[in-house]
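An overview of the molecular structure
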Amino acid sequence: MKKTFCYSVIAFAITSVLATITYANESQFEEVLSPINQEGLLPLNDDQSEMYNAIMSRSMKICKNQRVPQGWVITGEASGAGCSGNFPNMWIIKKPSSSDSICKISPFPDGYVITSEASSGSCPGQFPNVWKIKKPGQSESICKISRLPKNYIITRETSSASCPGQFPNVWKIKIPGSTDTMCSISPVPDGYVITGRGSSAVCPGNFPNTRKIKKL
């Protein structure tokens, strides 16, 4: 009798604990899977963002007589009987990832810089016919042919056989700190003022060829 009572008590306790755990897990799942909150759509979590970017980065083929959609880049060319014109008569296009390779004939995506050039049999034109591109980090080395990202400063010039043009053909760039020194050829970033001048052998131009800047 006592054993039966003890077993009943233990069984009740275990059932209560499992019910609590199940309820907690269900609440967590509801929070994760709920598509909206009171303010509208929930932001994507890291896994969802990664999946979304993977889907968006998948390439597709379009006829060459069609305009490349804004924000997409050309990564190669192909042939298809469904498109007019001589083969190859199609572009392979995609949304660029944080770093990518694009045909030089491609529209250039906003917010990216050129880090080198390369060659590919998938792209038209004489070799080298490919740009290596990426979204710049805190500091970066970019080919001088590249567009300087907004509010970055040039801190020096150097050389690389991977970039086109005569040496020195590379800019070292960075996001400035609260106070910084940049080559005089660099545009002054928004929200900064010039506080002095100086000279440096790693910057182009006659001395003084550097500027000291400070954030307002």
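Structure: see above.
Let us look at the structure shown here. (Residues numbered from 1 in each chain as written. Predicted model: local features only at pLDDT ≥ 70, side-chain atom pairs only at ≥ 80, totals over all residues. Heavy atoms only, no water.)

Regarding the sheet that holds strand 6 (residues 99–103)
Inclusion rule: When DSSP locates at least two bridges between a pair of strands, those strands are taken to pair. Helix numbers and strand numbers start at the N terminus; a helix is a DSSP run of H or I with at least 4 residues, a strand a run of E with at least 2. Here the axes come from fitting lines to C-alpha atoms, over the contacting stretch only for helices, and the angles between their N-to-C directions go from 0 to 180 degrees.
Ordered by their spatial adjacency, 3 strands build an open sheet running 6-8-7, and the pairing between neighbours is antiparallel. Edge positions in the sheet fall to strand 6 and strand 7 (113–118), since each has one partner strand and no second. Averaged over all neighbouring strand pairs, the angle between strand axes comes to 30°, with direction disregarded. By the bridge criterion, 5 bridges tie strand 7 to strand 8 (residues 130–134) in an arrangement that is antiparallel. Considered in strand 8, the bridge of Ser-116 is made with Lys-132.

Some thoughts on the side chain of Asp-100
As a reminder, the rule being used: Relative accessibility decides the category of a residue: with a 1.4 Å probe and only protein chains considered, values under 20% of the type maximum give buried, values over 50% give exposed, and everything between is partly exposed. Identification of polar contacts relies on pairs of N or O atoms within 3.5 Å, with a donor-acceptor requirement for protein atoms, meaning one able to donate a hydrogen and the other able to accept it, and with residues adjacent in sequence counted only if both atoms are side-chain atoms. Whether two residues are in contact is decided by their heavy atoms, any of which lying within 4.5 Å being enough.
Structurally, the position occupied by Asp-100 is in strand 6. With relative accessibility at 15%, the residue Asp-100 sits in the buried group. A polar atom in the side chain of Asp-100 sits 3.0 Å from the backbone nitrogen of Ser-97. Beyond its immediate chain neighbours, meaning those up to four positions away, Asp-100 contacts Lys-94, Lys-95, Trp-131, Lys-132 and Ile-133.

Quick word on the sheet that holds strand 9 (residues 139–143)
The strand order across the open sheet built from 3 strands is 9-11-10, with neighbouring strands paired in antiparallel fashion. Two strands lie at the open edges of the sheet, namely strand 9 and strand 10 (153–158), each paired on one side alone. Taken over all neighbouring pairs, the strand axes of this sheet differ in orientation by 30° on average, direction set aside. Judged from the 5 bridges that link them, strand 9 and strand 11 (residues 170–174) form a sheet pairing that is antiparallel. Each residue of the ladder has a partner; that of Ile-142, found in strand 11, is Trp-171.

Section: the state of the cysteines
As a reminder, the rule being used: The criterion for a disulfide is a pair of cysteine sulfur atoms lying within 2.5 Å.
In total, this model carries 4 disulfides according to the counting rule given. Linked covalently through their sulfurs, Cys-143 and Cys-163 form a disulfide whose S-S length is 2.0 Å. The disulfide joining Cys-143 to Cys-163 has a torsion of about -75° about its S-S bond and is therefore left-handed. Residue Cys-143 is found in strand 9, and its partner Cys-163 is found in the loop between strand 10 and strand 11; the two are separated by 20 residues along the sequence. Exposure class is identical for Cys-143 and Cys-163. Each is buried.

A short note on the packing of aromatic side chains
We count it as follows: Pairing of aromatic side chains requires ring centres within 6.5 Å, counting the rings of Phe and Tyr and the six-membered ring of Trp. Pairs whose planes differ by under 30 degrees are stacked, by over 60 edge-to-face, and all others tilted. To sit over a ring, a charge needs its Lys NZ or Arg CZ within 6 Å of the ring centre and within 35 degrees of the ring normal.
Scanning the model with the defined rule gives 0 aromatic pairs in all. Here the basic side chain of Lys-64 rests over the ring of Trp-91, its NZ or CZ set 4.2 Å away from the ring centre. Lying over the aromatic face of Trp-131, Lys-104 brings its terminal NZ or CZ to 4.2 Å of the ring centre.

Let's talk about the pairing of strand 14 (residues 210–215)
As judged from the 5 bridges shared by strand 12 (residues 179–183) and strand 14, these two strands associate in the antiparallel manner. Looking at strand 14, one finds that Met-182 is bridged to Arg-211.

Some remarks on the pattern of salt bridges
A side chain of one charge can pair with a side chain of the opposite charge if their charged atoms are brought near each other. Heads up, the condition is: Any carboxyl oxygen of Asp or Glu within 4 Å of a side-chain nitrogen of Lys or Arg constitutes a salt bridge here.
For the coordinates displayed, the defined rule picks out 8 salt bridges. Salt-bridge contacts for Glu-117 lead to Lys-104; the nearest nitrogen and oxygen are separated by 2.6 Å. You can see Glu-117 sitting in strand 7 and its partner Lys-104 sitting in the loop between strand 6 and strand 7, a full 13 residues away along the chain. For the salt bridge of Lys-150 with Asp-190, the shortest nitrogen-to-oxygen distance reads 2.9 Å. Of this pair, Lys-150 sits in the loop between strand 9 and strand 10 while Asp-190 sits in the loop between strand 12 and strand 13 (192–198); the two residues are 40 residues apart in sequence, bridging distant segments of the chain. Its relative accessible area of 62% is what places Lys-150 among the exposed residues. Look at Asp-190 and you get partly exposed, because its relative accessible area is 48%.

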